[in-house]
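Now for the letters of each chain:
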Amino acid sequence: MSRKPTLAVVGATGAVGTVMLQILSQHADIWGEIRLVASPRSAGRKLAVRGEEIEVLALSEDVFDGVDVAMFDVPDEVAAQWAPVAAAKGVVVVDNSAAFRLDPDVPLVVPEVNPHAARVRPRGIVANPNCTTLSMIVAIGALHAEFGLRELVVSSYQAVSGAGREGVETLRRQLKLVTGTELGTSPGDVRRPSGTTRGPSRSPWR
């Protein structure tokens with residue numbers, strides 16, 4: 001049996017990183033070691049992933065030793081500095097920031113639309129669109145493939161996660177006030193009242 005890849009989650013203690021750990025816990029069979037990385041002030045904290053407590057490591061060059069894939073959930077300036085460091089060590093970097101979206105040597109990938117683009121990585125980095133584009137492009141991509149779209153006019157009301165952890169916590173408190181429930185505490189659960197909730201989907205990266 002081949003070795004399962006080692007994953008580093010950079011920005012594990014942030015708003016996006018916290019959700020990422022919940023999603024990873026739904027797919028316990030995909031990865032081998034999961035390494036949690038954050039700023040030095042968060043080092044030493046322990047976070048739950050796949051039912052076990054893992055200590056957070058301070059972001060440094062050494063934390064990428066032996067890592068196969070690194071997911072960057074950090075501000076643009078942090079990704080711009082550290083993603084190339086990880087890539088130089090042979091790590092495949094998946095960056096969720098805007099730092100590399102316009103770089104011609106970094107593929108902009110949505111797995112359900114153009115997964116093949118992730119295979120050609122001149123800089124060892126894969127970028128993805130922002131939250132608004134990412135959430136709609138799967139449906140738009142299917143429509144384009146079938147009918148050939150020429151123009152798209154979009155009004156964007158950005159996700160509350162753009163305000164960071166404080167914005168997310170504010171929304172959760174407001175949801176609880178309105179619904180009397182704990183909606184918004186785990187990925188996808190806001191859909192529960194509509195009856196459209198499904199079980200966790202399989203990872204598109206498998």
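A brief report on the enclosed structure follows. Please read all numbers here as calculations on a predicted model, not as lab measurements.

**Description of the pairing of strand 3 (residues 46-49)**
- Along strand 3, the buried face is formed by Leu47 and Val49; none of Lys46 and Ala48, which line the opposite face, is buried.
- The turn joining strand 3 and strand 4 (residues 52-55), which pair antiparallel and follow one another in sequence, is formed by 2 residues; a positive phi near 55° is taken by Arg50.

**Some points on the pattern of salt bridges**
- Using the criterion set out here, one finds 4 salt bridges in the structure.
- Arg3 serves as the salt-bridge partner of Asp68, at 3.0 Å between the closest nitrogen and oxygen. Pair noted here: Asp68 is in the loop between strand 5 (57-58) and strand 6 (69-72) and Arg3 is in the segment before strand 1 (7-10), with a separation of 65 residues, a long-range link.
- A salt bridge links Glu33 to Arg35; its shortest N-O distance comes to 3.1 Å.

**Remarks on the nonpolar core**
- Counting residues in hydrophobic clusters, the biggest one holds 21 residues, and the most contacted among them are Val10, Phe64, Phe72, Val91, Val93, Phe100 and Ile125.
- Taken together, the elements giving at least two residues each to this core come down to strand 1, strand 6, helix 2 (76-88) and strand 8 (125-127).
- Per-element accounting of this core gives the leading share, 5 residues, to helix 2.
- For Val91, the contacting residues outside a window of four places in its chain are Phe64, Val67, Asp68, Val69, Ala70, Ala86 and Gly124.
- In terms of nonpolar packing, the next biggest core, distinct from the first, is built from 18 residues, Ala12, Val49, Ile54 and Val69 among them.

Procedures and definitions
For every chain, the first residue of the written sequence is number 1, and numbering continues from 1 onward in sequence order. This being a predicted model, a pLDDT of at least 70 is required before a residue's local features are given, and a value of 80 or more before pairs of side-chain atoms are given or counted; all residues contribute to the totals for chains, interfaces and linings. Side-chain numbers here rest on the full set of heavy atoms in the structure, without hydrogens or water. Burial status follows relative accessibility: with a 1.4 Å probe on protein chains alone, a residue under 20% of its type maximum counts as buried, one over 50% as exposed, and anything between as partly exposed. For helices the rule is a DSSP run of H or I covering at least 4 residues; for strands it is a run of E covering at least 2, with both sets numbered from the N terminus onward. What makes two strands pair is DSSP finding at least two bridges between them. A carboxyl oxygen of Asp or Glu within 4 Å of a side-chain nitrogen of Lys or Arg is what we treat as a salt bridge. Only buried residues count toward a nonpolar core, which is a set of Ala, Val, Leu, Ile, Met, Phe, Trp, Tyr and Cys residues joined through side-chain atoms within 4.5 Å. We call two residues in contact whenever any of their non-hydrogen atoms come within 4.5 Å of each other.

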